[in-house]
Amino acid sequence: MTGTTATTASTAFTESEERQELRKAVFALASKYGHEYVAEKARTGGKTTELWEDMGRHGFLGVNIAEEHGGGGGGIGDLAAVLEEAAAAGAPMLMMVVSQAICGSVIGRFGTDEQKKRWLPAIASGDYTMAFAITEADAGSNSHNITTTATKDGDGWVLKGQKTWISGVDEAQGILVVSRAADARTGKLKPCLFVVPTDAPGLEKQPLEMTFDAPEKQWTLFFDDVRLPADALVGDEDAGLLQLFAGLNPERIMGAAYSNGMSRFALAKAVEYARTRTVWKAPIGTHQGIAHPLAKVKIELEQSRLLQQKAAALYDAGDDMGAGEYANMAKYAAGEVACNATDVAVHTHGGSGLTRELGLANMLVAARLGRIAPVSREMILNFVAMHSLGLPKSY
């Protein structure tokens, strides 16, 4: 497994020394900002630009990008470690899931040499942020029902359609858009990926109001005959599905890292409170009614983190099918433990767990997103039932 040592049969599982040092460095840097910094930005409509730029200066944003394109030359396991540690420090960065993991992976594997030179160094440094647009209101989890279409027009393309639940468009310079184009051989529509500038004529965006606070906003996009040059098409127009899933596996792995980091933050808060809050002359953590739920979350969290690491190792080894199976399971497990961890953390604190100052109540709502996006837990169960267990397809 990538990032592990196995010199003897008795050696306990561990990540490489390099990744452990990476984790420590990221946690230390993110802790300088922490939960209060992110919460204040979320409440006031600000952006965590200082944190993003600081992470970029230290090379943390581009650890998965090839060295020849300005990155660290590592894999998705390294990038997931960066996001997990930042989230555990109270300063998660959702756009890492989108820009570096999805867009960086797709362009890194399938982009032309010119596209790689154009976008990857800036994505690695954080100077260029790219959003990702696949979801449509009427398609839901069925990406085959996407209706956004790209039509050839001379040497370029014309893009028309709508997307929704698109993260961070207001802080991105470009958007990797999943659309469909006519196959000249069959006449059927095939998936194609295009990079669209966020200031392109014909592109409009509307914000979606959420019930929890976060610096990253969600948007609905409208593409009204957006004209694109030929080189806006990423990779081969006949390899759409392969290219698409090259980005979706990293998305699930990073989603797991985000949720696992959130769980670590919530659990640490709860454990510290259980150690120090004294009632009836003893810390509340001495009572099994408090201790056992926290211990259960710890076990669930370590299981989830192991799934995340295995999924990343499979992806970095080039096993896309194996990575798809474990990336889905990792994302499922992480979404579940994030909901459990935040709920237990709030309950451990009692009434103070719902205060704005502590921030756990906001996380309680935000954690629920891990069960829904980027793919619902029900669709993951469908995937595991069919691909892992060999059961008949149910949808």
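In the block above lies the structure referred to throughout.
The model shown is predicted, which means the values in this text are computed figures rather than measured ones.

(A) The arrangement of the overall build of the protein chain in detail. Within the protein chain, the regular secondary structure consists of 11 helices and 9 strands. Expected size for 395 residues packed as a compact globule is a radius of gyration near 21 Å; at 21 Å, the protein chain falls within 12% of this value. Each principal axis of the C-alpha atoms in the protein chain carries an extent, and together these give about 80 × 50 × 45 Å. By residue count, 52% of the 395 residues in the protein chain fall in the buried class. For the protein chain, long-range pairs separated by at least 24 residues make up 69% of all intrachain contacts whose partners lie at least 6 apart in sequence.

(B) View of helix α4 (residues 76-88). An ideal rise of 1.5 Å per residue puts 18 Å on 13 residues; α4 measures up with 18 Å between its terminal C-alpha atoms. Taking burial as the measure, the 13 residues of α4 include 13 buried ones, the bulk of the element. Count one or two residues on from α4 and you reach glycine 90, which has phi positive near 90°.

(C) Region of interest: the packing of helix α1 (residues 17-31) against α4. The contact between α1 and α4 brings their axes to 8 Å, and the two run at 35°. Crossing of α1 over α4 shows right-handed handedness. Residues Arg19, Leu22, Arg23, Val26, Phe27 and Ala30 of α1 touch α4, and the partners they reach there are Gly77, Asp78, Ala81, Val82, Glu84, Glu85, Ala86 and Ala88.

(D) How the structure looks around the pattern of salt bridges. Under the criterion given, the structure shown has 27 salt bridges. Between lysine 160 and aspartate 224 there is a salt bridge, with its nearest N and O atoms 3.4 Å apart. Taken together, the residues span a long stretch of sequence, with lysine 160 in strand β3 (residues 156-167) and aspartate 224 in strand β7 (residues 218-228) at a distance of 64 residues. The partner of glutamate 302 in a salt bridge is lysine 298, and the shortest N-O contact between them spans 2.9 Å. Remark: lysine 298 and glutamate 302 occur in helix α8 (residues 288-316); sequence separation between them is 4 residues, near one turn of the helix. Given a relative accessible area of 28%, glutamate 302 falls into the partly exposed group. Residues joined by salt bridges that share partners form a network here, namely Glu15, Arg19, Arg23, Asp78, Glu84, Glu85, Arg264, Lys298, Glu302 and Arg305.

(E) Looking closely at unusual backbone geometry. With an omega of 0°, the peptide bond running from alanine 373 to proline 374 counts as cis. Even without glycine at this site, aspartate 225 takes up a positive phi of about 55°. Within the secondary structure, aspartate 225 sits in strand β7.

(F) Local environment of the environment of histidine 35. With respect to the helices and strands, the residue histidine 35 is situated in helix α2 (residues 34-44). On the basis of relative accessible area, histidine 35 is assigned to the buried category, the value being 18%. Setting aside chain neighbours within four positions, we find histidine 35 in contact with Ala89, Gly90, Phe265, Glu357, Leu358 and Gly359.

(G) Looking closely at the packing of α4 against α8. Where α4 contacts α8, the axes come no closer than 8 Å and their chain directions differ by 150°. Taken together, the axes of α4 and α8 are roughly antiparallel relative to one another. Contacts from Ile76, Gly77, Ala80, Glu84 and Glu85 of α4 reach α8 at Arg305, Gln308, Ala312, Tyr315 and Asp316. Looking at the contact of α4 with α8 residue by residue, the class counts come to 4 nonpolar, 2 polar and 4 charged.

(H) View of the environment of alanine 232. Within the element layout of this structure, alanine 232 appears in the loop between β7 and α7 (240-276). Considering only alpha carbons, one finds alanine 232 and glutamine 115, 117 residues apart in sequence, at a separation of 8.7 Å. Ignoring anything within four residues of it in the chain, the contact list for alanine 232 reads Gln115, Leu193, Phe194 and Val195.

Rules used in this analysis
- Residues numbered from 1 in each chain as written.
- Predicted model: local features only at pLDDT ≥ 70, side-chain atom pairs only at ≥ 80, totals over all residues.
- Heavy atoms only, no water.
- Helix = DSSP H or I, 4+ residues; strand = E, 2+ residues; numbered from the N terminus.
- Rg over C-alpha atoms; globule rule 2.2 N^0.38 Å.
- Buried < 20%, exposed > 50% of the residue type's maximum accessible area, 1.4 Å probe, protein only.
- Contact = heavy atoms within 4.5 Å.
- Expected span 1.5 Å × (residues − 1).
- Axes fitted to C-alpha atoms, helices over the stretch in contact; angles between N-to-C directions.
- Left-handed = near helix turned anticlockwise from the far one by under 90°.
- Salt bridge = Lys/Arg side-chain N within 4 Å of Asp/Glu carboxyl O.
- Parallel < 35°, antiparallel > 145°, perpendicular 65-115°, else oblique.
- Nonpolar A, V, L, I, M, F, W, Y, C, P; charged D, E, K, R; others polar.

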